[in-house]
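Listed below, chain by chain, are the residues.
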Amino acid sequence: MDKIVIEGGKRLEGEVEISGAKNAALPIMAAMILTTGQNNLGGVPQVRDVTTMLNLLNDLGGCTEEFNAGRIIFDSTDINNFEAPYDLVSTMRASSLVLGPLLARLGRAKVSLPGGCAIGARPLDLHIKGLECMGAKIHLEKGYIYGEAKRLRGARYYFDTVTVTGTANLLMAASLADGKTVLENVAKEPEVVFLADMLNQSGAKITGQGTDLIIIEGVQSLKPINCHIFPDRIETGTYMIASAITKGNVKITNCIPKQVESLTLKLRQAGLIVEEGEKSLRVISDGQMNGINIKTQPHPGFATDLQAQFMALMTLAQGKSIILETVFENRFMHVSELKRMGADITIQGRTAIVSGVKELSGAPLMATDLRASASLVLAALAAKGESVISRVYHIDRGYSNIEQKLYRLGARIHRKKIRN
Ligand code: EPZ
């Protein structure tokens, strides 16, 4: 298990290029199950979750012909296995994205329940109810979801809670269902809109993506997907905060400024300068920063996937900030580690009250989940002295070349390879 070593206190400067969006790539990869033929994806980030999804798709009978330099060429013609086993699903919850596509294509699915995860219980009940509404017979047995449906049929379904992968799962299933499906209270995340647009390019008939209601007219078959994954908005936000927390001046290139507007507004409110270009952002700090409040919400609200990183920033702001996490019930695991670095944070239920301190000090730290790990890296960049972050496999799930990118911006950072 590798470790990342950071000697903090260095101002970051220069340019960093954003990689393709992990959370856009994963549903598109699952959607390849709905197609027959050679799919061609570009701009795919080189992160562990992508490799896991590709392993799962190969396990289902598909064939990866190329996976190199951000390109995946994948032949979905021979997909014939309907089981997503525990050892693959347990390492990545997004594997549950294959449930809808397998039912739609093969009429059967056996997908392991991913179980709880560090950031909350994260059930799949809304995915299951939606598929049942479309005529699937589903039962749970020995930790697996078993589903069967000769052909799914169109239905009207309301999501009690806005769910990103739930929306993606039903959207994919409905694309090959018999008749019209209406999904209400759906996720409006850019990754969901992209999925719908790419399915349409392959012959699906989907309208309403980006609003609360999506309508899908089922079709008989879909052509292979040919697309380029857009830049990762959470990676973008993480580097924006990296510039802010190190009192830096960093230009972030190959990004979509509109997708991180809620963060941009909050950074400006805290006193930072954010310059927006067409496909770039520059974040400049003059060293002064006020504590401000945030509340995480589904898109276009403040992303829960940036909450931990923003909290790291607020530990060094002047005054208090209140951070309310409304999406996941247990997404404060970074707090105890940040406190070990000298941060002043109190948790009350889903609220964290952060009182800014003058400085953080480096410490041995443990990564607990993907975004919590990113917040520790950010705090360590700003802290006085050395931090050694262990369990960095969490970071590798979603950040492409993080230590090289930060090193090029001037950070004193390196990875310590540890053989198991
Ligand atoms: C997606 O997870 C992302 N993952 C997460 O990114 C992100 O944090 C999350 O959306 C919220 O934006 C991918 O896109 C692969 P949800 P997802 O279903 O879809 C509840 C990262 O760091 N819920 O939108 O699994 C759930 O418990 C990650 O990259 C139900 O109650 O999240 C949560 O409270 C981690 N029943 C809320 O909905 C269900 O059936 C939103 O979760 C489904 C969800």
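Residues numbered from 1 in each chain as written. Predicted model: local features only at pLDDT ≥ 70, side-chain atom pairs only at ≥ 80, totals over all residues. Heavy atoms only, no water.

A.B. asks: Would you mind going over the packing of aromatic side chains with me for this structure?
C.D. replies: How two aromatic rings sit relative to each other is given by the distance of their centres and the angle of their planes. According to the stated counting rule, one finds four aromatic pairs in the structure shown. Judged by centre distance (6.5 Å) and plane angle (55°), the ring pair of Tyr144 and Tyr146 falls under tilted. Centroid distance Phe194 to Phe230: 5.1 Å. Interplanar angle 85°. Geometry classified as edge-to-face. Residue Phe194 is found in helix H7 (residues 190–201), and its partner Phe230 is found in the loop between strand S14 (226–228) and helix H8 (233–245); the two are separated by 36 residues along the sequence. (Phe/Tyr/Trp six-rings, centres within 6.5 Å; stacked < 30°, edge-to-face > 60°. Helix = DSSP H or I, 4+ residues; strand = E, 2+ residues; numbered from the N terminus.)

A.B. asks: Could you clarify how one ought to interpret the side chain of Thr236 in this entry?
C.D. replies: With respect to the helices and strands, the residue Thr236 is situated in helix H8. Ignoring any residue separated from it by four or fewer positions in sequence, one finds Thr236 in contact with Ile18, Ile252, Cys255, Val260 and Leu281. (Contact = heavy atoms within 4.5 Å.)

A.B. asks: Even after reading the chapter, I still don't get the nonpolar core, so can you show me in this structure?
C.D. replies: Across soluble globular proteins, nonpolar side chains have a tendency to be buried as a group. Ranked by size, the top nonpolar core spans 75 residues in total, and within it Met53, Val98 and Leu199 carry the most contacts. Other than its neighbours up to four places away in sequence, Met53 contacts Leu26, Met29, Ala30, Met92, Ala94, Ser95, Leu97 and Val98. Counting 66 residues, the second largest nonpolar core, distinct from the first, contains Ile245, Leu378, Ala383 and Ile389. (Core = buried A, V, L, I, M, F, W, Y, C linked by side-chain atoms within 4.5 Å. Buried < 20%, exposed > 50% of the residue type's maximum accessible area, 1.4 Å probe, protein only.)

A.B. asks: For this particular structure, what's the right way to read the site of the ligand?
C.D. replies: Neighbouring residues of the ligand: 21 residues in total, closest Asp125, Thr163, Thr165, Asp305 and Val327. A distance of 3.0 Å separates an oxygen atom of the ligand from a polar side-chain atom of Lys22. The contact in question runs from an oxygen atom of the ligand to an N or O atom on the side chain of Arg371, over 2.8 Å. In the complex, 87% of the free accessible area of the ligand, which totals 830 Å², lies under the protein chains. Listing elements by their share of the shell around the ligand, those giving two or more residues are helix H1 (22–31), helix H5 (125–133), helix H6 (164–175) and helix H12 (370–382). No other element matches H5, which puts three residues into the shell around the ligand. A class-by-class count of the residues in the shell around the ligand yields nine nonpolar, six polar and six charged. (Near = heavy atom within 4 Å. Polar contact = N/O pair within 3.5 Å; in protein donor to acceptor, adjacent residues only side chain to side chain. Areas by Shrake-Rupley, 256 points an atom, 1.4 Å probe, with all protein chains shown as cover. Nonpolar A, V, L, I, M, F, W, Y, C, P; charged D, E, K, R; others polar.)

A.B. asks: Please explain the pattern of salt bridges as it appears in this structure.
C.D. replies: Opposite charge on two side chains allows them to pair when their charged atoms are near. Applying the stated criterion across every chain yields a total of 18 salt bridges. Between Lys188 and Asp212 there is a salt bridge, with the nearest N and O atoms lying 2.5 Å from each other. Within this pair, whereas Lys188 is found in the loop between strand S11 (180–184) and H7, its partner Asp212 is found in the loop between strand S12 (205–207) and strand S13 (213–217), the two being separated by 24 residues in sequence. Assessed through its relative accessible area of 42%, Asp212 is described here as partly exposed. By sharing partners, the salt bridges in this structure join Asp2, Asp396, Glu403, Arg415 and Lys417 into a single network. (Salt bridge = Lys/Arg side-chain N within 4 Å of Asp/Glu carboxyl O.)

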